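Residue-level structure breakdown
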Amino acid sequence: MRVLPKPLIAIVVFVLLAAALVFMTRRGPGITAVKETTAPEAVGPVIPPEDEIHAQYAGSTSCKECHETAYQGWKDSNHGLAERELRMDLDEEAFSPQQTLDHAGQTSEMFLDADGVAQIVTRGFKGERKAYRVERVIGHDPLRQFLIPAPGGKLQTCDVTYDPHNKEWFDVFGDDSRQPGDWGHWTGQGMNWNAMCAACHNTRLRKNYEPQTNSYRTTMAEMTVGCEACHGPMKDHVEWQKNPPPGYSKDDLENNKKLGLSDPTARRFTKPQMMETCAQCHSRRTEVTGDMVPGEPYFDHFALSLTDGSDLWYPDGQVRDENYVYSSFLSSKMHHAGVTCGDCHEPHSNKRLIPGNLLCMRCHAGGTDPRAPVIVPETHSPCTPGTAGHDCTSCHMPQTTYMQRHPRRDHGFTIPDPLLTREYGIPNACSRCHTDKSTDWAVEQAEKFYGEKLDRPTRHRAILVARARRGEPDARDGLLRMLANEEIAAWRATACHLMMRWVMDPAVTQALIARLEDSSPLVREAAARTLVHPARNHHGEVRAALGKLLDDESRSVRVAAAWALVDTLDLNSKAGRELSHMLDINSDQPTGRMQLSQFAYLRGDSTAAIRQIRKAIEWDPNSPPFHHDLAILLSATGDNAGAIQALRAAIKLDPDEGEYHYKLALALAETGNVAASAAALEKAVALDASNARAWYNLGLVYNSMNRPQQAIDTLRQGEAADPSDAALPYARATIHARLGQRDAAIEAATRALQARPDFPEAIQLIRSLTQ
């Protein structure tokens, strides 16, 4: 079960908003109104019917007879016990005798009633404190959560959680006091089992959300993560093995081959297929189909989250939020060298193949793989032998604790670098252990021991990502080089995402167009999503290039291209049906409603767009991006007063987001309130000095207030923030010209032409000043 820290909920939503891009303020030509529903008359289903699929599954117990060792390793593992009914041998200690937990301003009680049914008394639906019946358990080690039934076929994951190691109850949210009505409260959509937990705690699950009634009809092939969750449907295999042809031997497979009697139903996946099957659950991703199919390409079913402009990951790729492991692993040198999950983990018991450093030294002792550098543990670390500093995983796979009690290791295999901590706030493993020492001490010790070795490409890449997140103008050129030269596909995709700020720059646009033909679907999808803005602005070359991706071999790429071209997309095309399907299956979450809102607006139906974004706000009133989107829609439909009200709501929730103050300033300017608009713009640039358009508008406002020198100084700040924006120096040139400052006006107009050589107004201004 994924539990988002409350302050990060809005961040996640904002990331999804950035991926989808904000609305256009005008509709493009050729857009026709559509109905609120997204699914067109389909030629055929995007995924096969569940009854047809589930009939192909035999259940894990059918595997035991022939695969006893694997079965025994699995049945008591975290996979085997991922979800289950209550069992007294495992759960009685949690409920008997009655337990009490004081947490987050309330008291909860856990007990077995007279009929032996587990109950939790806590504050729940509509704030009512009552006894709620426990229906199932999800998770096993190191914590167990409990599912409580709710109307509409829903199960909700209670915040009151049991720690079987310490034999005590705790609140999975810690001291964060969430209230009924919050998206992240245990009764809200953020803790809904059907949407947030079920797919990865069970086998071949279908969520089956019914948007008209906001209810579910969830089904599955088998409760818990069974054998077929990873191996795929095996009923035909079981039946074939029960009645094999004469002469077939279960114990002599080689002889079977010689006799031509090999089992045609035994499907063996390649190592990449096995890894992508693991990744279906062990990743932070958006569902594209709502159907997890073992052995099929990951990017046919999911859109993967990565290190990007948000702070879900640190700039060096270390996890910050609850991101699981696949994205980090894809960004690592280990994956790039060919390492997969099964090289370190026994898949049935989920345990490591070998304990401690011995696992790493299989490759890093030398002689096995020339790509693995030889490591001598005794000289590799400055720490004393036998301490945590000599454990490979302590330094290269540091732990972060989620859900209060669940420590998880980072799979990015990053290199500790205290300098990055001091300069950019990126954690380092040295300081995680030496908590009594300063960062400066860690920098000094690392430089003394490793010297110039730390000045490696990974450090420079992390610095570039950090600077790009800050919006530093010269990061643009570094990202272009990274996109062209980076060997690891995940980092090329990161470069694509980070170029969003500069996407309208011709050099950036061309570099992204080139990456639409990258060998990796991860990069093609990232490039397609980043090119949404020029596509929506009817950039012909971009739209033509994206149009080719509507037939890409990877579904996630097709869907990304379809989203970029949604204003004119044929919804009955293959990509159109896939996009509609993705929007539908995610419509049970506020972010899904936000995307439906954008879809409706871009298809010309503003009424449906406003209705959908209001539904998102109803489900999650505390996420400011939804209020921001509502403001954009209301402004576009002429309701400026409503837009101002929505923006003020967003600012109340997140007063430090400069973009909201910027948009408020624009809305206030529409009312003629120049002074209030200037104040909002001043706040916007104070919060985000990289917002060149805020500087531009502030300069124009100052000029309208007859403060020309302040306007000139402000426009110069905008030019520093974005040298590629020709409008800034041109605006300054016009002010200089009006003041009779001829040389300064020519200089500014020349700067405008350097940014945009075909700028006719700047050309005309220079001519008029030089005649």
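Everything below is about the structure shown above.
Notes on the structure in this doc start here. (Residues numbered from 1 in each chain as written. Predicted model: local features only at pLDDT ≥ 70, side-chain atom pairs only at ≥ 80, totals over all residues. Heavy atoms only, no water.)

Points about the pattern of salt bridges
Under the convention used in this document: Any carboxyl oxygen of Asp or Glu that lies within 4 Å of a side-chain nitrogen of Lys or Arg is treated as forming a salt bridge with it. A run of H or I in DSSP counts as a helix once it spans at least four residues, and a run of E counts as a strand once it spans at least two, with each numbered from the N terminus. In this scheme, a residue with accessible area under 20% of its type's maximum is buried, one over 50% is exposed, and one in between is partly exposed, where area comes from a 1.4 Å probe on protein chains only.
Here the structure, examined in full by the defined rule, presents 48 salt bridges. A salt bridge links Asp725 to Arg693; the nearest nitrogen and oxygen atoms lie 2.7 Å apart. Note that Asp725 is positioned in the loop between helix H35 (708-721) and helix H36 (727-738) and Arg693 in helix H34 (residues 692-704), a separation of 32 residues in sequence. On the accessibility criterion, Arg693 (33% relative accessible area) is partly exposed. Bridged by salt links that share partners, the residues Arg467, Arg470, Glu472 and Asp474 form one connected network.

Details of the sheet that holds strand S6 (residues 136-138)
The condition is simple: Here a strand pair is declared whenever DSSP counts at least two bridges between the two strands. Simply put, an axis is a line fit to the C-alpha atoms, just over the touching stretch for a helix, and the angle between two N-to-C directions goes from 0 to 180 degrees.
Across the sheet, four strands lie side by side as S1-S6-S7-S8; this open sheet has antiparallel pairing. Since the sheet does not close on itself, it has two edges, and those belong to strand S1 (83-85) and strand S8 (154-157), each with one partner. Between one strand axis and the next, the sheet turns through 35° on average, direction left out of account. Bridge analysis of S1 against S6 gives three bridges, and the strand direction is antiparallel. Of the residues in S6, the one forming a bridge with Arg84 is Val137.

Things to note about helix H25 (residues 540-548)
What counts is decided by this rule: The arc refers to the directions leading from the helix axis to the C-beta atoms. The contact rule is simple, with two residues in contact once any of their heavy atoms fall within 4.5 Å.
Within H25 the residues assigned to the buried category are Val542, Arg543, Ala545 and Leu546. Buried residues of H25, viewed axially, fall in a sector of 165°; they line one side. On its buried face, H25 sits against helix H22 (506-515), helix H23 (521-530), helix H24 (532-536) and helix H26 (555-564).

Overview of the pairing of strand S2 (residues 99-103)
Where S2 and strand S3 (residues 106-112) come together, five bridges link them in antiparallel fashion. Following the sheet pairing, His103 is matched in S3 by Gln106. Between S2 and S3, which pair antiparallel one after the other, the connecting turn spans two residues, and Ala104 there sits at a positive phi close to 45°.

Considerations on the sheet that holds S2
Strand order in the open sheet formed by four strands is S2-S3-S4-S5, with antiparallel pairing between adjacent strands. Two strands bound the open sheet, and with one partner strand each, they are S2 and strand S5 (129-133). Averaged over all pairs of adjacent strands, the angle between strand axes in this sheet comes to 20°, irrespective of strand direction. Sheet contacts for helix H4 (residues 88-95): S2, S3 and strand S4 (118-123); angle to S3, the most-contacted strand, approximately 135°.

Section: the side chain of Asp308
Short version of the rule: Throughout this description, a polar contact denotes any pair of N or O atoms lying within 3.5 Å of each other; where both atoms belong to protein, one of them has to be capable of donating a hydrogen while the other can accept it, and for residues adjacent in sequence the pair is counted only when both atoms sit in side chains.
With respect to the helices and strands, the residue Asp308 is situated in the loop between strand S16 (302-304) and helix H11 (326-330). Side chain to side chain, Asp308 and Ser310 meet in a polar contact 2.7 Å long.

Topic: the packing of aromatic side chains
The criterion, for reference: Ring geometry is summarised as follows: Phe, Tyr and Trp rings, the Trp one being its six-membered ring, pair when their centres sit within 6.5 Å, and such pairs are stacked at plane angles under 30 degrees, edge-to-face over 60 and tilted between the two.
Applying the stated rule across the entire model yields 16 aromatic pairs. Plain terms: the ring middles of Tyr298 and Tyr326 are 5.2 Å apart, the flat faces sit at 50° to each other, and that makes the pair tilted. Separated by 28 residues along the polypeptide, Tyr298 in the loop between strand S15 (285-287) and S16 and Tyr326 in helix H11 bring together distant segments of the chain. Owing to a relative accessible area of 4%, Tyr326 belongs among the buried residues under this scheme. Grouped by ring-pair contacts, the aromatic residues Phe95, Phe146, Tyr162 and Trp169 constitute a single cluster.

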